Amino acid sequence: MNTGLRITAFAAALAATFGTAYGVGKGVDPVVADRAPASHDAHGTGASPAPGKEDGHQSPESVPAGGLQISENGYTLDLATPRVTAGKRTELRFTVRDAGGRAVTAYQREHGKELHLILASRDLATYRHLHPARAADGTWSTPVDLPRAGGYRVFADFTPAERAAGNLTLGADLAASGPFEPADLPAPDSTARTDGYQVELSGSLRPGRASELKLKVSRDGEPVTDLQPYLGAYGHLVALRSGDLAYLHVHPNGEPGDGATKPGPEISFTTTAPSAGTYRLFLDFQHEGEVRTAAFTVRAGTAPTAQDPAPAATEEHGDGHGH
């Protein structure tokens, strides 16, 4: 797994205005709601590997924003439920197929799961991190109840048991029928509030270069120092690029039990933006038995040129996490 960052990207079939609001999700099905409320299993221990050597993967600076497709490296995401009705609970079903069209039934487990499913609306007003169940024939399924009509993107993040295939994230479009009105993208803000918690974001997202993002969790003005591991980490961060839903999945620097990483209040991530532009960040964290989601809008600046000085080395925090 890429311990600092794994970037995969997906094509958008429809042009849309992107937007969301701060919200909260429960259990393993966090949702970022339409309106603001009132107020990811291979882990090592010890120091971080040298850049470019994490588990045999490239360093964050060298990972391109590639993909943008429903098929990659001989694997295809076959979405059997391309349409649902907004506000109605529906069983979402899909299969991952190999180059011969056969359903894949053997996966490596990552953060305790064989496959992680990210679902986001085209305007980014709804976000969910799901863990579907797999039948013996390779069919995956999970119940969904989408609150708003419009276009959605489904991302399947997995590693086939055939290790040579490596980790893949495939994307497919999903439509929810019903009256539709796109939401506006919230302005960039370093603070998100969700279910009585406040999350402060520091650091910047930089195109083409690794940089550190720190998220500090507090509640009622007091720092939260007893975050609970969720899928083997104190936090999971997903970033989606406005305009085409390019997908970045990053994990924290350090892990529970490594002797160096504290259970809050700060969660640190190292990430590289594939380009300049506006991104929406979704942080999942667990406290007192519930998973919550905090969302931010951030802007990445101009991509570096050949004349730019080399970036300074980033601080090491122990092994990162792949998902």
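Our subject is the structure that appears above.
Residues numbered from 1 in each chain as written. Predicted model: local features only at pLDDT ≥ 70, side-chain atom pairs only at ≥ 80, totals over all residues. Heavy atoms only, no water.

**Notes on the overall build of the protein chain**
Here comes step 1: The number of helices and strands found in the protein chain is 0 helices and 20 strands.
Here comes step 2: Expressed as a percentage of its 323 residues, the buried residues of the protein chain come to 51%.
Here comes step 3: Total accessible area on the protein chain is roughly 13,200 Å²; 49% of this is exposed by carbon and sulfur atoms. (Helix = DSSP H or I, 4+ residues; strand = E, 2+ residues; numbered from the N terminus. Buried < 20%, exposed > 50% of the residue type's maximum accessible area, 1.4 Å probe, protein only. Areas by Shrake-Rupley, 256 points an atom, 1.4 Å probe, with all protein chains shown as cover.)

**Considerations on the sheet that holds strand β8 (residues 133-134)**
Here comes step 1: Taken in spatial order, the 5 strands of this open sheet run β2-β3-β5-β9-β8, and their pairing is antiparallel. Looking along the sheet, the strands with just one partner apiece sit at the ends: β2 (71-72) and β8.
Here comes step 2: Both strand β3 (residues 75-79) and strand β5 (residues 90-97) contribute to a ladder of 4 bridges, which runs antiparallel. By the bridge assignment, T76 is partnered in β5 with R97. (Pairing = 2+ DSSP bridges.)

**Here's the deal with the pairing of strand β19 (residues 277-287)**
Here comes step 1: Burial within β19 is extensive, with 10 of its 11 residues counted as buried.
Here comes step 2: When strand β16 (residues 236-241) meets β19, the two strands line up antiparallel, connected through 6 bridges. Across the sheet, residue L240 finds its bridge partner in β19, namely R280.
Here comes step 3: Two elements, β19 and strand β20 (residues 290-300), share 11 bridges in a ladder whose sense is antiparallel. Bridge assignment links Q286 to a residue of β20, and that residue is V291.
Here comes step 4: What sits between β19 and β20 in their antiparallel hairpin is a turn of 2 residues, with E288 showing a positive phi close to 55°.

**Focus: the pattern of salt bridges**
For side chains bearing opposite charge, pairing can occur when the charged atoms are close.
Here comes step 1: Applying the stated criterion across every chain, the model contains 10 salt bridges.
Here comes step 2: Among the ionic pairs, R97 bridges to D78, the shortest N-O distance being 2.9 Å. With R97 in strand β5 and D78 in strand β3, this residue pair connects regions lying 19 residues apart in the sequence.
Here comes step 3: Residue R97 is classed as partly exposed on the basis of its relative accessible area of 27%. (Salt bridge = Lys/Arg side-chain N within 4 Å of Asp/Glu carboxyl O.)

**Details of the sheet that holds strand β4 (residues 83-85)**
Here comes step 1: Sheet architecture is open: 5 strands sit in the order β4-β11-β10-β6-β7, paired in mixed fashion. Across the chains shown, the open sheet's two edge strands, defined by having one partner strand only, are β4 and β7 (127-130). Here the average twist between neighbouring strands, direction ignored, is 25°.
Here comes step 2: Bridge count for β4 against strand β11 (residues 168-177) is 3 bridges, and the pairing is parallel. Residue pairing in the sheet places V84 in a bridge with A176 of β11. (Axes fitted to C-alpha atoms, helices over the stretch in contact; angles between N-to-C directions.)

**Brief notes about empty space enclosed by the protein**
Here comes step 1: Volume-wise, the largest cavity comes out at about 40 Å³.
Here comes step 2: Taken together, L205, L213, L237, V238, A239, L248, V250, T271 and L281 make up the lining of the largest cavity.
Here comes step 3: Of all the secondary structure elements, the ones that give two or more residues to the lining of the largest cavity are β16 and β17 (247-250).
Here comes step 4: Broken down by element, the lining of the largest cavity gets its largest block of residues, 3 residues, from β16.
Here comes step 5: Residues of the lining of the largest cavity, tallied by class, amount to 8 nonpolar, 1 polar and no charged. (1 Å grid on protein atoms, 1.4 Å probe; cavity = no way out; pocket = protein on both sides within 12 Å on 5 of 7 lines; lining within 4 Å. Points joined across faces, edges and corners; volume = space filled by probe spheres on them. Nonpolar A, V, L, I, M, F, W, Y, C, P; charged D, E, K, R; others polar.)

The values reported here are purely geometric and, on their own, carry no functional implication.
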